[in-house]
Amino acid sequence: MSLTAGIVGLPNVGKSTLFNAITKSNVEAANYPFATINPNVGVVEVPDERIKHICQYIVPKKVVYTTFEFTDIAGLVKGASKGEGLGNQFLSHIRQTDAICHVVRCFEDGDITHVEGSVDPIRDAEIINLELAIADYNTIENRLSKVARKAQAKDADAMVEVEVLNKLHEVLKQGQPARSVSLSKEEEVIVKGYQLLTSKPMIYIANIAEEEISHPESNSHYVALKEYAAQQQNDVVAISAKIEEELSMLEDEEKALFLEELGMKESGLDQVIKAAYHMLDLQTYFTAGVSEVRAWTFRKGMKAPECAGIIHSDFQRGFIRAETYSYEDLMTYKSVAALKEAGKLRSEGKEYIVKDGDVIEFRFNV
């Protein structure tokens, strides 16, 4: 399962520059609004040092990382929900994503136009959040008009749905996100079908100046955004989109040296991916053999047959057992043979809850 995220923000906040870094492409990043007029999709590998370490002891012909897919749309502006600007045309492209990456400008630069005339991260964030809420409000209104009549006729399913819709309608009407509504598990299943933008988890990406990247707390705009996000229980990752674009052009060794010079342990993009994994309760298991070492993304709490199904539905349908050992044990014993001798290779059944870092070979029969 590949993680997907939609990138939103006002024009000229650094979205396209960040997207260039993601794809190592030449998406136009001009100094005027609406330079990006088509939705763009970029796929990056999810960084995981454990794969390199596994390959020290199990040398494969091929290595496959799990991936993170970003969809970038044109910058939204105030009034997008009423047809202003171009971004609203492309909101449909991010309705099926797992999360929203909200890029906010936290740098001063007189040479780069700001559509609101000044840099104010809280105002900017609220403009986007309100436009997303209005878009969802319209979705809920449309759905209500379709099911209200059935509910009045005492259709049981429609009555339950209308109750949920009314909860959402009231919150969205106030410009608040759908994720702020407390829902039962049954109601969550109903809401998932609406693909609401504001029910998705959100990460704020504070785009700051290059010279501030090693000490973002010195940036008052970043600090203000962090406090604002904390009130919503959202994460903030500070990046310099320009630096990310430069990093994307470097080989691994050069990249490591550049990061060291900047006083950074990892790139901003890597931090965004890790924040998204944490926010969505995602973890990684591995399959490892001489033909291939591969990383697989799964949701925390999934059982072995479900994780097998991520590889192929036949694996889940015909699941017999999961022959499993941990990444940590491989690092200790340094070979599968030594793991077996030490009794660290386990045979797990259908109720086994897969753990982050498990190395698994699924046995199945169909």
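Coordinates for the structure precede this section.
Treat the numbers as computed from the prediction; the structure is a model and nothing was measured.

> Can you walk me through the overall build of the protein chain in this structure?
When helices and strands are tallied, the protein chain shows 13 helices and 12 strands. For 366 residues, the compact-globule estimate of 2.2 N^0.38 gives 21 Å, and the C-alpha radius of gyration of the protein chain, at 23 Å, lies within 12% of that figure. Dimensions along the principal axes, computed over C-alpha positions, put the protein chain at roughly 65 × 65 × 35 Å. Buried positions account for 49% of the 366 residues belonging to the protein chain. Considering only contacts within the protein chain whose residues lie at least 6 apart along the sequence, 68% involve residues at least 24 apart. Total accessible area on the protein chain stands at roughly 18300 Å², and carbon and sulfur atoms take up 48% of it. Mean positive and mean negative side-chain charge positions of the protein chain (40 and 56 charges, respectively) differ by 8 Å.

> Just to check I follow, could you spell out the environment of Asn365 for this structure?
With respect to the secondary-structure elements, Asn365 resides in the segment after strand 12 (358-364). For Asn365, a relative accessible area of 56% translates into the label exposed. When neighbours within four sequence positions are excluded, Asn365 is seen to be in contact with Gly318 and Ile320.

> Would you mind going over the sheet that holds strand 7 (residues 235-239) with me for this structure?
Each strand in a sheet pairs with its neighbour through backbone hydrogen bonds, running either in the same direction (parallel) or in the opposite one (antiparallel). Strand order across the open sheet formed by six strands is 2-4-1-5-6-7, with mixed pairing between neighbours. Taken across any chain shown, the strands that pair with only one partner, and hence form the sheet edges, are strand 2 (40-45) and strand 7. For this sheet the average axis-to-axis angle between neighbouring strands, irrespective of direction, equals 25°. Pairing between strand 5 (residues 99-105) and strand 6 (residues 202-207): six bridges, direction parallel. Of the residues in strand 6, the one forming a bridge with Arg105 is Asn207. Together, strand 1 (3-8), strand 2, strand 4 (67-72), strand 5, strand 6 and strand 7 form the strand contacts of helix 1 (residues 15-23), whose direction differs from that of strand 2 by roughly 45°.

> Just checking my understanding: could you explain the side chain of Glu244 for this structure?
Residue position: Glu244 is located in helix 7 (residues 241-248). Within polar-contact distance, the side chain of Glu244 engages the backbone nitrogen of Leu269 at 3.1 Å. Leaving out residues up to four positions away in the same chain, Glu244 has contacts with Leu18, Ala21, Ile239, Ser267, Gly268 and Leu269.

> So what exactly am I meant to see when it comes to the packing of aromatic side chains here?
The geometry of an aromatic ring pair comes down to the distance between the two centres and the angle between the two planes. What the rule picks out here adds up to seven aromatic pairs. Ring centres of Phe68 and Phe70 lie 4.3 Å apart, and the angle between their planes is 15°; this geometry places the pair in the stacked category. Since its relative accessible area comes to 0%, Phe68 is described here as buried. Exposure remark for Phe70: the relative accessible area of 2% places this residue in the buried category. An aromatic cluster is present here, built from Tyr285, Trp296, Phe298, Phe319 and Phe362 joined pairwise through their rings.

> Honestly, the packing of helix 3 (residues 121-152) against helix 6 (residues 220-231) in this entry has me stumped. Any pointers?
How two helices pack is summed up by the angle between their axes together with the distance between the axes. Direction vectors running N to C along helix 3 and helix 6 enclose 45°, while the axes themselves pass 9 Å from each other. As far as their axial angle goes, helix 6 and helix 3 are oblique. Seen from helix 3, the contacting residues are Pro121, Ile122, Ala125, Glu126 and Asn129; seen from helix 6, they are His221, Ala224, Leu225 and Tyr228.

> Help me understand a negative patch on the surface, please; the structure alone is not making it clear to me.
Where like charges cluster on the molecular surface, the negative patch consists of Glu251, Asp252, Glu253 and Glu254. Take Glu254: it is sitting in helix 8 (residues 252-262). For Glu254, a relative accessible area of 43% gives the class partly exposed.

The rules behind these values
- The residue numbers shown here count from 1 along each chain, following its written sequence.
- Given that this is a predicted model, residues contribute local features only at a pLDDT of at least 70 and side-chain atom pairs are listed and counted only at 80 or more, while totals for whole chains, interfaces and linings are drawn from all residues.
- To obtain the side-chain values, all non-hydrogen atoms of the structure were used and water was disregarded.
- Helix and strand definitions here come from DSSP, where helices need a minimum of 4 consecutive H or I residues and strands a minimum of 2 consecutive E residues; each element is numbered from the N-terminal end.
- For this measure, only C-alpha atoms enter the radius of gyration; the expected value for a globule follows 2.2 Å times N^0.38, where N is the number of residues.
- Burial here depends on accessible area, computed with a 1.4 Å probe over protein chains only, as a share of the maximum for the residue type. Under 20% is buried, over 50% is exposed, and the range in between is partly exposed.
- Contacts are assigned to residue pairs that have any heavy atoms within 4.5 Å of one another.
- Exposure was quantified through the Shrake-Rupley algorithm and a 1.4 Å probe, taking into account, for residues, occlusion by the shown protein chains and nothing else.
- As used throughout, the charge tally considers Lys and Arg to be positive and Asp and Glu to be negative, leaving His and the chain termini uncounted.
- Think of each charge as sitting on NZ of Lys, CZ of Arg, CG of Asp or CD of Glu.
- Note on pairing: two strands pair once DSSP finds at least 2 bridges between them.
- In this analysis an axis means a line fitted to C-alpha atoms, helices contributing only their contacting stretch, and an angle means the value between N-to-C directions, from 0 to 180 degrees.
- Polar contacts, as used here, are pairs of N or O atoms within 3.5 Å; protein pairs need one atom able to donate a hydrogen and one able to accept it. Residues neighboring in sequence count only if both atoms are side-chain atoms.
- Aromatic pairing here means that ring centres of Phe, Tyr or Trp (its six-membered ring) are within 6.5 Å. Orientation follows from the plane angle: under 30 degrees is stacked, over 60 is edge-to-face, and everything else is tilted.
- Oblique is the label for every angle not falling under 35 degrees (roughly parallel), over 145 degrees (roughly antiparallel), or within 65 to 115 degrees (roughly perpendicular).
- In this analysis, a patch consists of residues with relative accessible area above 30% that form no salt bridge, clustered at 9 Å for like charges and at 5 Å for the nonpolar side chains Val, Leu, Ile, Met, Phe, Trp and Tyr.
- A side-chain nitrogen of Lys or Arg and a carboxyl oxygen of Asp or Glu constitute a salt bridge if their distance falls within 4 Å.

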